[in-house]
Every structure is written in structure tokens, then in C-alpha cells.
Amino acid sequence: MESRRSRAKVDLTGILRKSWYRLRLSVRHPSRVPTWDAIVLTAASPEQAELYEWQLKRAKRLGRIASSTVTLVVPDPDGNRIGSGGATLNAIYALARHLEALGPQVENMDPGSSESSVPHERSNSEVSFSPMVSFMAKRHILLLHAGGDSKRVPWANPMGKVFLPLPYLAADDPDGPVPLLFDHILAISCCARQAFKNEGGIFIMTGDVLPCFDASTMVLPEDTSCIITVPITLDIASNHGVIVASKTGILNKTSYVSLVENLLQKPTMEELVKNQAILDDGRTLLDTGIIAVRGKAWVELVRLACSSQSMIADLLKSKKEMSLYEDLVAAWVLAKHEWLRLRPLGEELINRLGKQKMYSYCAYDLLFLHFGTSSEVLDHLSGADSGLVGRRHLCSVPATTVSDIAASAIVISSKIAPSVSIGDDSIVYDSSISGGIQIGSQSIVVGVNVPGDSNGIEDNGFRFILPDRHCLWEVPLVGCTGRVIVYCGLHDNPKDSLSRNGTFCGKPWDKVLHDLGIQEGDLWSTTSTHEKCLWNAKIFPILSYFEMLSLAAWLMGLNDRKTKSLLPLWKSSQRVSLEELHRSIDFPHMCIGSSNHQADLAAGIAKACINYGLLGRNLSQLCEDILQKDVSGVKICKDLLDLCSNLQGQNSKILPKSRAYQVQVDLLQACREEKMACELEHKVWAAVADETAAAVRYGFREHVLESSNSTSASACQSSAFDGCVDQSFQHRDVRIELPVRVDFVGGWSDTPPWSLERAGCVLNMSIKLDDCAPVGTSISTTEQTGIEINDDDTMNKVYIEDPTSIATPFNSNDPFRLVKSALLVTGVTRDKFLLSMGLQIHTWTGVPRGTGLGTSSILAAAVVKGLLKITNRDDSNEIVARLVLVLEQLMGTGGGWQDQIGGLYPGIKFTESFPGVPLKLQVIPLMASPQLISDLQQRLLVVFTGQVSYFSLLFLFQKCSLSVFDDSCWSK
């Protein structure tokens, strides 16, 4: 069982990393990786909608949502429930109206469509909706149902369950914000976008499920609806929806597409057997809650939504609800039509949608992570896979000698004082915990801010213990200056009534009432017709902070001996229920408080980094959090900038100057000092160049810049010429031709300053184009002194009479700076032989600049190799690769080592760099099988579609051939 669970965790890690990679790419380059035209969330009330809008703005700021994507939150009408089906129609209609109001701002969503104009005349007739329907038909929409009241996860109710913290892959961005469930859902859904291709549609998901599967491989039938399913055991299926699919369909390795024949809701074993819902392996198909509608089916759904306001009015009037998963989808399943006709508005659903069919896309490798209860949240975060779950993230935690925090506890976005203990597998999020607090195992603490001033716990000798398997959180209420402390047991179901074994803090209500001396009338109105349960129990007092803490311990059963003193205090206090809290949350106050808390944490981390650390934190990211502070964010950044004055005095061998400069650049930008930041940024890259040169030059100084300054005989012996002025002319030619490279994985890990401080590794392959090595140079000696540089691609040339005049920095528009930099790093410009003869240099590249094939660096490698060869110096690939690394820094392009490695070494290779002085490179050739080489030579096609300054849109198709184990890429 454990090995199976570990395998699932590994799969989850891989799936999420791939999905996040695609999400980031779609946000940065939506033209390359299409993203959603609109993202819509449903909400339970206008107040909750306001919170969700704040979260969507946060997601855009953090690069989770593309700037071109329209975002919208749609609350249920007047806060009245209309069901997930009614909410779906209402959300589509609201989005259409929203896009209509935006007008020209959204007309560019689909520039190729003749239907991109948006009507501005409002009308209730269906005919008038035709332009709106035509416009919406081309859009790609993500709809996320998030309007529930989270009764089973009550501590997530204030934030919205879809925005609960889920620190999967948090370690991948240690200074970034804590990932939320919403963020991971965005990543998974991003991969699903390509399944729609250019056909408009909607992708519907639920806010309490993370369906982990490779959605990029998903295949959706055209012009229809499709529900995503996964095989599940029968015991789990009995609590969820089940899909009965046709036995015939399209099968591949990871999925099965078939027609939906029936829908079952929480079926018994007899119902599963009767409806032939059990698969051959004894499992059944679980309804994941994910629905995709595209093409003609999407057009019909939009048309229904645009004319649905009368249907929604009927639902509101009759106080009935329309379910998405029972009613609306039943219209696409013929076997459900008879049942649907008896449901609210069922006849109209059949008439409007019933012509289309629904298919099941069964994803065999899908991991269905449901966050329906507090215990499920803990289950998904437990385990030993530290690579997946970030257990310490953006937090301030005391030393182990003054606190007791379990290794398996998750502490995120929180400040923990000394004298605090946190048990195994507990979560502390968005909280400040003062000394004297003990948090048991498998407990959840969210948004709790225990005061630590002179009136606090430590000075009063007051200690608060949260027992094992409990939840504790705080809620700001409208009209209250403070926050209400709320709590319950981990396994409490607030919907369970007294008569149905309901519990509070893990104990049956009968026992709670008996032990504490509380009467039912104290909690529930005697005139109410609703069932008595935790959801509507007026049990949480509104008092001073420590009075609420004392009563919390008493209500949990920890201080029952103090009943005589605490019961009167509790009875006399104003009290609220979870239901009342849900309706009275002060969302703006909660958002501001959370932002300020995050800013204070980020400021503390940044200050410690500057004062005590080696500046290894991402100050730019931390400053983004600091600037969210409502008033003083910029002032905090200026104070941090003042602390940087002593950084330059530190040992540069321990603290690289480039890093010290970059920290100041980040802080200047945060302080809105863009001009000063730009000026200082030049020093950053100058320092990187110096540090790169120092790392590369160590151990072979005679090869770099040094020998040219010496007039000794030994120095002259290192050249092909003896360096004397009256030396007779010796004609010499060198021609170097190199292939380009394809990068498979690891790019940017080779680039300074990263590769100077951390290990880098890259897998790449050299390729010829049209069976030729396209990048090259020819260098020959001339009787005329000076250096002539010819760019054969542009037919430009330049003559430099005095080579010693070549110096950095180079103008970024200088077309010959690459060759000039090569002359500098090889030391040729100061070689004595140039006093009696000159050089003529030709360069060419057989591919356009900006192809992404490493052309510039490989050309630099060719020139450096040619200069070393013509002067009879060591032109080994390792020497050349290191010199080109320095050359890139001199040019100001900031490149790394992988491009030149890719061109210099033939075939497929895995290269690692190891930081230090000297920088070490290890190139490991990989033996490709003859079959792989043959397949690549026959099937690999390089396509360049880049737009460069002197081309419009260029499509270059060239057949590639591998330069596998071919050393003939250069010749004299």
C-alpha cells in the first residue's frame, strides 16, 4: 500500500511540474501556447465575489493568469442559491454581458474571426442575442464553480475553499507566495486548453477537486459535450456520481472515449449491477465534475444561457435549484430524458440541448484529489515526499532549542514565537503565534494572530492548548473591531444534526451539553424549523481576545472545572454561528490584514538576508510582497536599501559583487528609483563578467590575455610566430565550421551568475542543416598590418588599423562586437606578431539570427577556436568553451556554456558544470543507437517561425542530419 501511495506521489509531482511549466509559458507567450480567453468563478454572495476578485487580481499580479485573459466573478442572484446548473447558465450569460460592455477591448481576442464584433444594443428577445452568441461561440472559457459554503471545511469558508493553501512544489519557488489550490487548478486546466484547438468551448471544473492528469493529451470529440471520468473502486463510487459509458469507443494507452449511456448519483451496489456500470476489472467510472463543451454543443449552451434569465427567475420564485451534474447534463443523455422531464425546467433543457450527445473521456492515470473535508486536506498533505510538499515556506520559525515544532508539521506564511509547540502533520497558515501556545497533531490553524504584547500570554502565565485533530481560525466580522475565534473538531460535520450523531470538537452534542451545562435553547432557537446542528449553533462568543481563548478551551472540554465561572461569561456574551459568520465576514478587512501580514513576513526575511546572510534570497520577489502593504511598503524598501551600505566592504570571494549590486537594483526598483537602478545594473553585469573571467582564467592564465603582455622568449614561444618585429611574413589559413545545437533540457542552468554558484546540467545535440555545418569562420594572415573583419551574411566589413584600440564596453549596435570580443579574450589584440602582419577574418552563419539554435555562441566558438589555432595555441574544446563563456559577458549578452558545448562536441551529450575556481565542465557523450540516429535523421525537422527585425514572418524548413561522432566539423 505504501509503495503504491509513493508511486502516486511521484506521478503527482511530475504531472504538476509539467502543468506549471505550461501555465507559465502560456502567461508569458499566449501567442505560442494558447490560454483561456476568459476565466469565470461563481460565488455564493456579492461579498464573497469581492474576495474572489481580489484573489484573481493577485493571480494576475503573480503571473498565474495572462494579462489578456478576461476574469469575472459571478455571484448567485441576490445571494440566493439556484444550483450549479443555474449558476452555470447565469455565469455564461453574465460573461457575455461583461464582454459586451468591454466592447473594443475584447474584439482582438480572435482577430481572424469575422464574428468578433460585440453588440451594444441590449434586448430581451432571442433574436437580439444572435451576435452575442456568435461572438461567444469562438471564445475559450474556463468556468470554476466555487460558490459553496464549505461546511465540511469550515476554516476555509472565509477564504473560499478553492483558495485554501496547497504547498505542492512550494520549494520550487522558495521566496514566492504559497501556492493555492486555485493555482494548481489553473495549471491543470491550462493543459486542457489545447484540446479545444480553434473550436470555441467551455471547460467546467469544481473548486474542491484537483484532478491531476496530463490534460495536454486529452482528446475531446467535436461539436459535443464530454465529461472526464476515472475508474474508481465501488466503495468510493457510492458517495459520488457514476457514469455508465458504452462498451465500444476509442482506446489508447492512457484514455478511453465512449458515449455516455446513463448517469447515476451515489448508486447502491444493486443500481450499479442493474445499469451495467461495473467495468471488467470490478471498478466503475467516477464523475470527476469536469465537463468540456465545444463546437455546436457550446453554441446551443450559449444560446440557452443568453435567454435563461426567465428560467433563473422561475428558480428563484419557486426556491428550487438546478444541478449541473444531475439536471443540465441529463439533457445530453437520452436515457435520462424521462427522469428530467419531471425536474424543474427539465422540459426546456431537453428541447434546447437534447439534440446533442455526451461522451466520457476516461483518464486512466488521473489522480482525483478531493478537498471536501478537513481530514481530506490533511491526507493530501501528509507523507514523507518533501519534494512535493513545502513544509516551511515564507515563515519565521524559532530555533529548535526554544520551540518544539514537528518535522512533519507544515508552517507557511506564518510567524512562530519561541515557546510554541506544533504537533505532527499539523498546518499553520497565515498566522502569528505567540509563546505559550501548544498545537496538537493533525490540527489546522489558519489566520490566527495571538497577541504577544505585555498583556499577552507569556506575561500572564496563560497557556492555550489546541488538542489533537482540531481546527482553529479567526474571522473578521462586519461591524466588529476585532476578530472572532472559531474552532471545531477535524472530523466534525457541521451539517450533522443532534439526532444524526452530530459532534462538536469530536464529542457528541449530548455529551457537550451535559459536561458544560449548556441548554439546547442557548444554541438554537426554539421556534426554528431547521435541524439543530453545528452550522446553525450560536456557540462562538464575541469578547476580548483572551476571554475568547479561555472560552475556546472550555468549550473544547479542556477546562470543565471552570464551568461555574466561564458558563455565565459565555451565556452573557454575544454569540454567532458558523452560518452567521458565513454571511457577515468582513472580506476587505480580511484581505488587507492578510496582505499586511505577508508584507511583514517578507520584510523580516529580507532584513535578515541583508544583515546576516549571503543575499541568496529573491529580493525582487520579496519586495513585491512588501509593496502590498497598504501604506508603508515603499518606506520599508527604502529602509532595507539603507542597510546595503556595508555590503561592498564584505569579502568578494565570499559575497560576489554581482549579487550585492543586484540586491540594490531590486530595492531601487521597489523604491521606484528606475534611473538609479538602470545605472547600477551595468555594474551588475560588469561584476558578472569579472567573476566569470576569474573562474575561467584560473589554471590556464597563459591562454587568456596574460601572455600578450609579456615580451619574454617563453611568451613568444607560445605563438606560431616568434613575436619579433622583423619576422618575415608567413601566410597561414584556418577554416572552422561548426554545427548548431538543439537543447533538450537544462537550458539557463549554464548561465552566469547561476553556473558560478550552483551546478548546471544540460542535455543537447549538435545538428547539421542540409548535411552541412552552417556556422563558420575563415582566418588568414595578411602582409598588411591591422585586422579586417568581414561579415559574409550582411556583406559588412570593417578595418581596424590599431588592434590595441579594441576595448570594452562595446556599443550594443556594433555588428562586429562578437569578433572584437574574441580577439580580446584570446589576447590576439596585443600579440607582437601583429606588428609585422595582419589578419583577415570572415564569418558566416547559414541560419537567421534568433533561431534559438545557439548560433551566436557557436559562431563565437568558431572564431575563438580559429584565433587560437592560427596563433598555434591550445584550441581544445574545453579551453574554447570557457573562453566563449567570458566572451559572452564582455559582449553583454550574458550567455552561458551550453551553446558552444553543443556546437563544439559532436552528437548527443550530457554536460555538467561545477561551481568553483576554476569552473569545471564535464561533457559526457551519450551513445545513441543506430536506430535512434536513423529515426532522427529521417524524421527530425527544424522549423523557424521567428520574427526578426529585418524579416516579416519567416518559415524555414530544413532537413537535419546528426553530426554523431563526426570530428570533421573543422579543417585547416
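Source: prediction; values computed, not measured. (Residues numbered from 1 in each chain as written. Predicted model: local features only at pLDDT ≥ 70, side-chain atom pairs only at ≥ 80, totals over all residues. Heavy atoms only, no water.)

Draft legend 1. Looking closely at the overall build of the protein. Summing up its helical and strand segments, the protein has 32 helices and 39 strands in all. Taken over 972 residues, the protein has a buried fraction of 56%. Excluding contacts between residues fewer than 6 apart, the proportion of contacts in the protein whose partners are at least 24 apart in sequence is 68%. When the accessible surface of the protein is summed, it comes to about 42500 Å², and 51% of that surface belongs to carbon and sulfur atoms. (Helix = DSSP H or I, 4+ residues; strand = E, 2+ residues; numbered from the N terminus. Buried < 20%, exposed > 50% of the residue type's maximum accessible area, 1.4 Å probe, protein only. Contact = heavy atoms within 4.5 Å. Areas by Shrake-Rupley, 256 points an atom, 1.4 Å probe, with all protein chains shown as cover.)

Draft legend 2. Expanded view of the sheet that holds strand β19 (residues 437-439). Here we have four strands laid out as an open sheet, ordered β13-β16-β19-β21, and parallel in their pairing. Here the strands that pair on one side only, and so sit at the sheet edges, are β13 (404-405) and β21 (464-466). In this sheet, β21 lies alongside β19 in parallel orientation, the contact comprising three bridges. Across the sheet, residue Ile 437 finds its bridge partner in β21, namely Phe 464. (Pairing = 2+ DSSP bridges.)

Draft legend 3. Region of the structure containing the environment of Asn 449. The residue Asn 449 is located in the loop between β20 (444-446) and α15 (457-460) in this model. Accessibility expressed as a relative area gives 31% for Asn 449, which makes it partly exposed. Each C-alpha atom, one on Asn 449 and one on Lys 415, is 9.3 Å from the other, the two residues being 34 residues apart in sequence. For Asn 449, the contacting residues outside a window of four places in its chain are Ser 431, Ser 432, Glu 474, Arg 483, Tyr 545 and His 597.

Draft legend 4. Seen up close, unusual backbone geometry. For the bond running from Thr 808 to Pro 809, omega is 0°, close enough to zero to count as cis. Secondary-structure assignment places Pro 809 in the loop between β33 (796-800) and α28 (817-826). The omega angle of the peptide bond from Val 917 to Pro 918 is 10°, so this bond is cis rather than trans. Mapped onto the elements, Pro 918 comes out in the loop between β35 (908-914) and β36 (920-925). Phi at Lys 319 is positive, roughly 55°, even though this residue is not glycine. Among the structural elements, Lys 319 can be located in the loop between α10 (309-318) and α11 (324-328).

Draft legend 5. Layout of the pattern of salt bridges. For the structure on display, the rule yields 32 salt bridges. A salt bridge links Asp 522 to Lys 571, with the shortest nitrogen-to-oxygen separation between them at 3.8 Å. Residue Asp 522 is found in helix α17 (residues 520-523), and its partner Lys 571 is found in helix α19 (residues 563-572); the two are separated by 49 residues along the sequence. Two residues, Asp 600 and Lys 629, come together in a salt bridge whose shortest N-O distance is 2.9 Å. Here Lys 629 lies in the loop between α22 (619-626) and α23 (633-642) and Asp 600 lies in helix α21 (residues 587-612), a separation of 29 residues in the sequence. Classification of Lys 629 by relative accessible area gives buried; the value is 16%. (Salt bridge = Lys/Arg side-chain N within 4 Å of Asp/Glu carboxyl O.)

Draft legend 6. Geometry of the packing of aromatic side chains. Counting across every chain of the model gives twelve aromatic pairs. Each ring, one from Phe 163 and one from Phe 182, has its centre 5.0 Å from the other, and the planes form 50°; the classification is tilted. Here the residue Phe 163 occupies a position in the loop between β3 (140-145) and α6 (181-192), and Phe 182 occupies one in helix α6, the gap between them amounting to 19 residues. Overall, Phe 163 belongs to the buried group, its relative accessible area being 1%. When the ring of Phe 196 is compared with that of Phe 203, the centres are 6.2 Å apart and the planes differ by 90°; the resulting orientation is edge-to-face. For the pair Phe 196 and Phe 203, one class covers both residues: buried. Members of the aromatic cluster, each reached through a chain of ring pairs, are Tyr 487, Phe 504, Trp 509, Trp 524 and Phe 540. (Phe/Tyr/Trp six-rings, centres within 6.5 Å; stacked < 30°, edge-to-face > 60°.)

Draft legend 7. Structural context of the packing of helix α3 (residues 83-102) against helix α5 (residues 130-137). With their axes 10 Å apart at the nearest point, α3 and α5 run at an angle of 95° to one another. In terms of axis orientation, α3 runs roughly perpendicular to α5. Where α3 approaches α5, its residues Ile 92, Leu 95, Ala 96, Arg 97, Leu 99 and Glu 100 are matched on the opposing element by Met 132, Phe 135 and Met 136. (Axes fitted to C-alpha atoms, helices over the stretch in contact; angles between N-to-C directions. Parallel < 35°, antiparallel > 145°, perpendicular 65-115°, else oblique.)

Draft legend 8. The arrangement of the environment of Leu 763 in detail. Within the element layout of this structure, Leu 763 appears in strand β30 (residues 760-769). Under the relative-accessibility criterion, Leu 763 is labelled partly exposed at 22%. Separated by 162 residues in sequence, Leu 763 and Pro 925 have C-alpha atoms that sit 10.0 Å apart.

Draft legend 9. View of the sheet that holds strand β22 (residues 470-476). Ordered in space as β12-β14-β17-β20-β22-β23, the six strands form an open sheet in which the pairing is mixed. Of all strands in the sheet, those bounded by a partner on one side alone are β12 (392-393) and β23 (483-489).

Draft legend 10. Spatial organisation of the side chain of Asn 764. In this structure, Asn 764 sits in strand β30. Overall, the relative accessible area of 2% leaves Asn 764 in the buried class. A distance of 3.0 Å separates a polar atom in the side chain of Asn 764 from a polar atom in the side chain of Gln 898. Asn 764 has contacts with Arg 741, Val 742, Asp 743, Phe 744, Gln 898, Gly 902, Gly 907, Ile 908 and Lys 909, leaving out every residue within four places of it along the chain. (Polar contact = N/O pair within 3.5 Å; in protein donor to acceptor, adjacent residues only side chain to side chain.)

Draft legend 11. Summary view of helix α18 (residues 545-555). Across the eleven residues of α18, eight count as buried, placing the element largely inside the fold. Among all positions in α18, only Tyr 545, Met 548, Leu 549, Leu 551, Ala 552, Ala 553, Trp 554 and Leu 555 are buried. Once α18 ends, the next one or two residues include Gly 557, with phi positive near 90°.

Draft legend 12. Geometry of the state of the cysteines. In the structure shown here, the tally under the stated rule is zero disulfides. Here Cys 609 stays free of any disulfide, with the sulfur of Cys 644 as its closest cysteine sulfur at 9.1 Å. On the basis of relative accessible area, Cys 609 is assigned to the buried category, the value being 7%. (Disulfide = S-S within 2.5 Å.)

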